[in-house]
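# Structural characterization, general
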Amino acid sequence: MMQIDEIDNNQQLIDDDDNAAIIDSDASDIDEEEASPLLSALDDLESRVVTALNEFKSHPGTVGSTTTASSGGDNNAKQTIHQELASILRPVVEVSAHTGPSTARALASSYPQNYTIEMCVDEIYTRINSELILPVILESAQSDTIPAKRSASLAMFHTLHTEWCKAGSYLDGSTSAPSLAGPYGPGISPGSGHVSAPPFNPAEGQRRNQIKSARRAELLRRWVQSSIPNLTPGTFTNATLDASAAGRGVLSASAALKPCLRYMAERIGSADDAGALRLFLPVMRMIEGVLGRLFLERTRGGETASMDKKGLVEGDALRSSCIKFLEIVVLCFSKKELPFQQGARMKKDVTAIDFSLEDLPPGHPIITRESLEEIGDYAFSTLRGLVLLGGQAAIDPNLLLAAAASSSSGSNFMGGSNPFTPILDILKPAALAFLNLETDAEKAEASGGDKNAFTLDRTNIELDFGLSQKSYSLSINAVQMLATKRPVYFKESSVCLARRTIDPPGASDNDVGLLSKAAITGIRTHLRSSCLTLLRHFLSVTSGCWEVLADALKQAGMETQADRALKASKQQLNLMKGGRAARNRAAVFYEWDTSADDSRAAKRQRDTDDAQARVRAAKMARGLGSGIQLPSSMVDACELVLLNIDNLPPKRPPVASSKQRKQPIDLDFVVDAVLSNGASLTMEENHWYDRDGGDGWTIEEGEVGQDGRPVLTFTMNSSVLDAGIKTAQGGELKDNEKAFAEQSKLASSMAFSRVLTSSSNARSSAVADFGKQLAARLALTLEGVKASSDIERSHVMAVEAVESSMKKNAVTEEELAGALEFAIENPIVSSSLAYDLTPKGLPTNENEVTNAIASTSTLAMRILNEAYVCSFSEDKKKYEKCLDLFVSSVVNACDLSNQNPKDNERKRIANAAASSLPHQLGAAPFLTPSSLNLVSSLCDIDEVVKKFSIKTPSQSIAEAAAARTAKAAAEKRATAALLILRDVAFQRDALRGSAIDCAVAIASGRLPASAQIEDKALKLVMNVIFPKNEDCSDKVVTSAAKELEFATRFAVENHEKIKKANEAVARKKDKHGYSSKSALAPQSDEEKQALDRVRKPVVLVMALAVRRPEIIKAIMENGCRDGADVLAKAIKSNMPKLARAAATKHGAAKIAVQVADMASEKEASLLICFLDNLVTAADKSLPSQELIDACQEIQKARLDADGKPDIRYIMPVVSGIKRVELLNELPDFVKGSDEILKTTLHRMSERLGRYAMIFRDEPDPSENTLRGMSSCEQMVYLHQLDFHAIGIPQKRYLDVIRVCLEDDEVFNDRVVQAALDYISGKFLEGETLPLAYMRTIILTCSKHESLHSWICHVLLPRLVEGQVYSDKRQWEGWMRCAKMLENTGDQGISSLEAINKLPEEQKKMYRAKYPQK
């Protein structure tokens, strides 16, 4: 209003101004604008909204920071931060949903001459909602730094959607009359409040529905977009805040999912596929975000085993929300009816809040029921797994890495072809991890007698996360609800809950985590009540799952309740099948068991007593029978020892009568017996070191020193010392001394085993490191000492590993023979190197296996370092043998994992060993070529890949998933081997050549590998190693030349075998009349196998030749070697790739001359092949003039046997040579063989397909610009050849034309007609007919019946008109042709018309020679 006053005052001051009229006009416009009732109302609404939003934006996020009116008028009522923020935003909701539409209706009714209801509603909605409220709330929900304000913004969208759907608002769906529905009407039904519905235009109603749909889409889309950023990991650096924001995001996503799906169903039903897809893609992204927070947290590193209790509780709160969302996903992405109930859905089941796949119309190309149902099935399997296992079964991290990277980086699939893939990449591994366990348990169930038996070995089940009481209860509720709401899942849900009731939480030590004793009791009660509820449902009878439900309740002590529930369900089913009268008379009563023994206090006491009894039994079971480790608590330790006293034998074992060996039974004696599994109670009399080994040393205590400690002196027994000296010097030993020597070795072996075991299991890193140092020193010292029983398995594995490597690596067999001998002679060393690569069944999770492998690598590296030091003074090759032994053990561990993919322990060991091998070899003092060859054998996974790629009809989903996992793990280990070769090539100059040799051998297929690994090796060689430096490039070229030489030898050695096989196949084809394949296709299986073998090195060398063209010389030399036919065929097959790449990089003309200079006469065939493909590489364009000049230069330089330029070298470019020049070269082509002629003619016309039946005339007769020669032109010019002038016999002249006519695919009837027609036209103009012209007509009559009519009625009369009878030879041909067509038998086709046109004299001559019959 201040602006209006200012304008009026200024107007009074400038009335005399010439521009007053203009200013007055402008001022009046502004007055009208400011006085507009609509604009005033908008300003008022905006000011109210902006005030509330400013207060919300400036709120610090703490309780009590602002003064708000409390509900009920109590200003002292305490509010939470969420309630306080909601009260601040309440005015925004009122203006957005109700005040805005009511204001629009009031303005339209008050000023009908100025405004329409549509105009007011659209303007208010746009200004208030679209441009103000929705963008501000969305921005706050996505980027506000205070989690509470983010939560309030997310809740705001849910509130807006609820309020907008009420009567009188923008999405009013409760008013039946369209003219009274909001926001255009008051939102009341006709007849209420004496309101009648005014008349309504259907077209206007359709427009309003479209606007309503657009507004609904806008709100839903912004709602979904507000949830997605909160689901992204790392939204807040603080883990607590991040979990809080993610939890609110999941709640918002849960509320938004059903309205979004219902809107998409409406759009699809209206044939608006694009509109449905615009909302569908963000919804899929939202679902992916929620599932990522549930299943990918451990993969991203968000949950670790070291999290405190507070962190676990916060993580479980988020997990509970995600499980509830998962329930909604299954509910929406599943069908309500059973398969036999299609079309029988009752109206009373259709509610506005529910959604199922039946509500989704068919017809959308992407949003299909099948795709959504697949997601629902996997989600339901995951829910069953959560209930049955008490958590999520461990998922192979390799399967979730891609999904975690995509979700963490926020990458979107908006441009992708399949929006379901990211969701399935998360859900499928989670579901299959459980299904794998369930399948194994069901197989064990099938092998037993009890069909309801189902036992999971929970001690070997690994979980990514466990459930607390809240999340567990939500999971149970979800499965129970889905059973009743979705009958298709009733049976699976019932079986799942019954199995978990039979094997409830707390039954094993594995059911720990966030569950307390009270929680376990509550969950058990929940499971029983769920089973009872499902058993009372009539579907338990129809689906046949009442037996397992009743059995579960009976085992839980609820047999009476189970019988009554079953009776009630059967009665309910009978009533449903009966008539209405029977249902009306029915009176069903259900009585709960209220016996006095089941009082709450008595039941709680009984459960407590049972729990204590189970704890005592478990403690006793861990005692002497299997060995224990005492707890850290002294009270628990004493209790455990006392519980196991009864397990000790009643008498001590007999011992010698020596007083020194008697030991009193005290607490130490009992504790040693418990800790050693009873081993301390028995003494082996033959083991002196076990019995009285301490007697070998005596200790004397001397005077007290200055430090207050007595001086101790240790002295070895003289007899023991003498025996040890003799053994070391190799002297002759007595019987007792021999026994001493043998037992010394045995004692040292057992002592080493104890050192190795204790260092591997030590909790202290310092103790473990010291043990490894000691074990490494002792291992190389104890030469010839046999491995003890504890580590003998590792020794056997090491020996088998070397033997297996010798079989696979024939090249390194001699070097590995030394390693095998060393392993047999030094069992301690081989056992140490393979100790932790041997499965022991001890580790239970991935971290323990990784730690075990880490200790192995440290121990192995220490042994290798010790061997390296010893190699300077002792055996020079000891280090090399140890290195080969260690690498062989790693390779063997990987092979064993590939052979048995179901062995999880071997798989973990192999993965960890292969992943750590690059670091170990990188830290080794030096490497050997044999060790690199062993590393390369990790790539030999072709059989494994083929085995796991085969799918059988009997293969279950879990088995298929396990096969895919094993295949991926094997490929990952093979990739690690390639990385080792890369690192060696870059970091170790001395072994660079060997590493590159191995990599090139893998890429070329000489060393066995799968196709994918060969492709990776090729990329490694070409894209990584070759560009590194000049030395790497030279070595790659040298290695590739070696591989090409190997391929050449292979081709020569198998030449005769392939030749005989091809001849046998050719004879069979000739016998059955089969046509031969193309010249480059394999003719037999033997040739096909040989081609596959030599193709890979050829491709590799060609790839290098693009960068170094001089290598092409080696390719041609080897391809043209005697007997290397199969190699030449492989080179020609891949020549187009080489030519295309070389022409692109170096230029076609330049590379053509360069290759021609390198090629000898023996290699001419491959040179011509190269030039031919060089031109083909230019696609549809003509060869460049530079390339034509280059080929002509090559032709002049390379002469044929007669000393003339060889025409073969310009054949590739004839399509680009000018026609006048080709006409000069045509005699040379005619003089060549038929094959050369046909090839040349084809190349001349290959770019002139559209002109095949046309003889082209030069656009400018003074300039010859036409290039190439069409088929019609070729036929004309061949007829016009002067064979006498060019020096060829007449027979060759005629044969050339015959050869062309026989090639009817090129020279068809239309081409021949066009050529004959052109020549006859020139004949009429005065030119003479070519010698072979009439002969060609006669041959055409015999070959092409389709031209008979044209020849009879056009060509022959035209020749008569040109006086063909004046040339005796042509006249003779004309008469023969006329005779052939005179009586053809075809109606209307006869040469009589042409004959009658002859002059009388010629006609008599014709009849004299061919009388008329």
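Criteria and thresholds
Residues numbered from 1 in each chain as written. Predicted model: local features only at pLDDT ≥ 70, side-chain atom pairs only at ≥ 80, totals over all residues. Heavy atoms only, no water. Helix = DSSP H or I, 4+ residues; strand = E, 2+ residues; numbered from the N terminus. Buried < 20%, exposed > 50% of the residue type's maximum accessible area, 1.4 Å probe, protein only. Areas by Shrake-Rupley, 256 points an atom, 1.4 Å probe, with all protein chains shown as cover. 1 Å grid on protein atoms, 1.4 Å probe; cavity = no way out; pocket = protein on both sides within 12 Å on 5 of 7 lines; lining within 4 Å. Points joined across faces, edges and corners; volume = space filled by probe spheres on them. Salt bridge = Lys/Arg side-chain N within 4 Å of Asp/Glu carboxyl O. Contact = heavy atoms within 4.5 Å. Polar contact = N/O pair within 3.5 Å; in protein donor to acceptor, adjacent residues only side chain to side chain. Core = buried A, V, L, I, M, F, W, Y, C linked by side-chain atoms within 4.5 Å. Expected span 1.5 Å × (residues − 1). Phe/Tyr/Trp six-rings, centres within 6.5 Å; stacked < 30°, edge-to-face > 60°. Lys NZ or Arg CZ within 6 Å of the ring centre and 35° of its normal. Axes fitted to C-alpha atoms, helices over the stretch in contact; angles between N-to-C directions. Parallel < 35°, antiparallel > 145°, perpendicular 65-115°, else oblique. Nonpolar A, V, L, I, M, F, W, Y, C, P; charged D, E, K, R; others polar. Patch = residues over 30% accessible without salt bridge, like charges linked within 9 Å, V, L, I, M, F, W, Y side chains within 5 Å. pLDDT = per-residue confidence, 0-100. Left-handed = near helix turned anticlockwise from the far one by under 90°.

## Overview of the overall build of the protein chain
What the protein chain contains, in helices and strands, is 58 helices and 4 strands. Taking all 1413 residues of the protein chain together, 47% fall into the buried category. By element, 52% of the accessible surface of the protein chain is carried by carbon and sulfur atoms, the whole surface being about 69500 Å².

## A look at empty space enclosed by the protein
Under the defined criterion, the tally for this structure stands at 7 cavities of 30 Å³ or more. Size it by volume and the largest cavity reaches roughly 70 Å³.

## Looking at the pattern of salt bridges
Throughout the structure, instances matching the rule amount to 58 salt bridges. We note a salt bridge from R982 to D983, for which the minimum N-O separation is 3.0 Å. Where salt bridges share partners, they join D43, E46, E123 and R127 into one cluster.

## Re the environment of R248
Inspection of the secondary structure puts R248 in helix α8 (residues 239–269). Look at R248 and you get partly exposed, because its relative accessible area is 33%. Here R248 is in contact with H82, S151 and L154, once residues within four sequence places are set aside.

## Quick look at the environment of E1043
Mapped onto the fold, E1043 is located in helix α40 (residues 1030–1053). The class for E1043 is buried, based on a relative accessible area of 4%. Spatially, the C-alpha atom of E1043 lies 6.1 Å from that of P1097, the residues being 54 residues apart in sequence. When residues no more than four places from it in sequence are discounted, the contact partners of E1043 are D997, V1000, A1001, S1004, R1006 and P1097.

## Description of the side chain of S493
By the element assignment, S493 lies in helix α16 (residues 490–502). The residues touching S493, leaving out its near neighbours within four places in the chain, are F380, V479 and A483.

## Side note on the side chain of S475
Assignment of secondary structure puts S475 in helix α15 (residues 469–485). Taking the relative accessible area as the measure of exposure, S475 reaches 0% and is therefore buried. Within polar-contact distance, the side chain of S475 engages the backbone oxygen of S471 at 2.9 Å.

## Here we look at unusual backbone geometry
Its identity as a non-glycine residue notwithstanding, A271 has a phi of 65 degrees, on the positive side. In this structure, A271 sits in the loop between α8 and α9 (273–295). A positive phi angle, near 60 degrees, is found at Q1363, a position not held by glycine.

## Considering the nonpolar core
The biggest cluster of nonpolar side chains holds 209 residues, and the ones touching the most others in it are F1170, L1174, I1337, I1351, L1359 and W1374. Excluding residues within four positions of it along the chain, L1174 makes contact with A1139, A1143, A1148, I1151, A1152 and L1187. Counting residues in each nonpolar core, the second largest holds 152 residues, with I268, V290, L497 and M558 among its members.

## Brief notes about α40
An α-helical turn contains 3.6 residues, so any two residues separated by three or four positions project in the same direction. The first and last C-alpha atoms of α40 sit 35 Å apart over 24 residues, in line with the 34 Å expected at 1.5 Å per residue. Between a side-chain oxygen at the N-terminus of α40 and the backbone nitrogen of D1031 the separation is 3.2 Å; the capping residue is N1029.

## Here we look at the packing of aromatic side chains
Overall, the coordinates contain 15 aromatic pairs when judged by the stated rule. Aromatic side chains Y1406 and Y1410 sit 5.6 Å apart centroid to centroid with 50 degrees between the ring planes, which places their arrangement in the tilted category. A connected cluster of aromatic rings, assembled from ring pairs, spans Y125, W164 and Y170. Taking NZ or CZ as reference, K149 lies 5.8 Å from the ring centre of F56, over its face. If you follow R1219 out to its NZ or CZ, it ends over the ring of F1255, 5.3 Å from the centre.

## Details of the packing of helix α3 (residues 37–58) against helix α4 (residues 81–110)
Contact geometry for α3 and α4: axes closest at 8 Å, N-to-C directions at 170 degrees. Regarding the angle of α3 to α4, the classification is roughly antiparallel. Only L85, I88, L89, P91, V92, V95, T99, G100, T103 and L107 of α4 make contact with α3, whose side of the interface consists of P37, L38, A41, L45, R48, V49, A52, L53, E55 and F56. Residue composition of the contact of α3 with α4, grouped by class: 15 nonpolar, 3 polar and 2 charged.

## Notes on a nonpolar patch on the surface
A cluster of nonpolar side chains, contributed by Y1251, M1253 and I1254, occupies part of the molecular surface with about 270 Å² of accessible area. You can see M1253 is positioned in the loop between α49 (1234–1245) and α50 (1271–1279).

## What about the environment of N54?
Structurally, the position occupied by N54 is in helix α3. Overall, the relative accessible area of 48% leaves N54 in the partly exposed class. Separated by 34 residues in sequence, N54 and I88 place their C-alpha atoms 9.9 Å apart.

## Details of the confidence of the model for the protein chain
Caution applies to low-pLDDT parts of the model: their predicted coordinates are not meant to be read in detail. Across the protein chain, pLDDT averages 78, with 77% of residues at or above 70. Within the model, pLDDT remains below 50 along residues 1–34, and this stretch shows 13 contacts once partners closer than five positions in the same chain are excluded. Confidence drops under a pLDDT of 50 for residues 408–416, and excluding neighbours within four residues, the segment shows 15 contacts in the predicted structure.

## A word on the packing of helix α12 (residues 369–389) against α15
Orientation of α12 relative to α15, taken along the N-to-C sense of each, is 130 degrees, at an axis distance of 9 Å. In terms of their interaxial angle, α12 and α15 are classed as oblique. In this structure, α12 crosses over α15, and the sense of that crossing is left-handed. Contacts from F380, L383, L386 and V387 in α12 reach Y472, S475, I476, A478, V479 and L482 in α15. Here the residues of the contact of α12 with α15 sort into 9 nonpolar, 1 polar and no charged.

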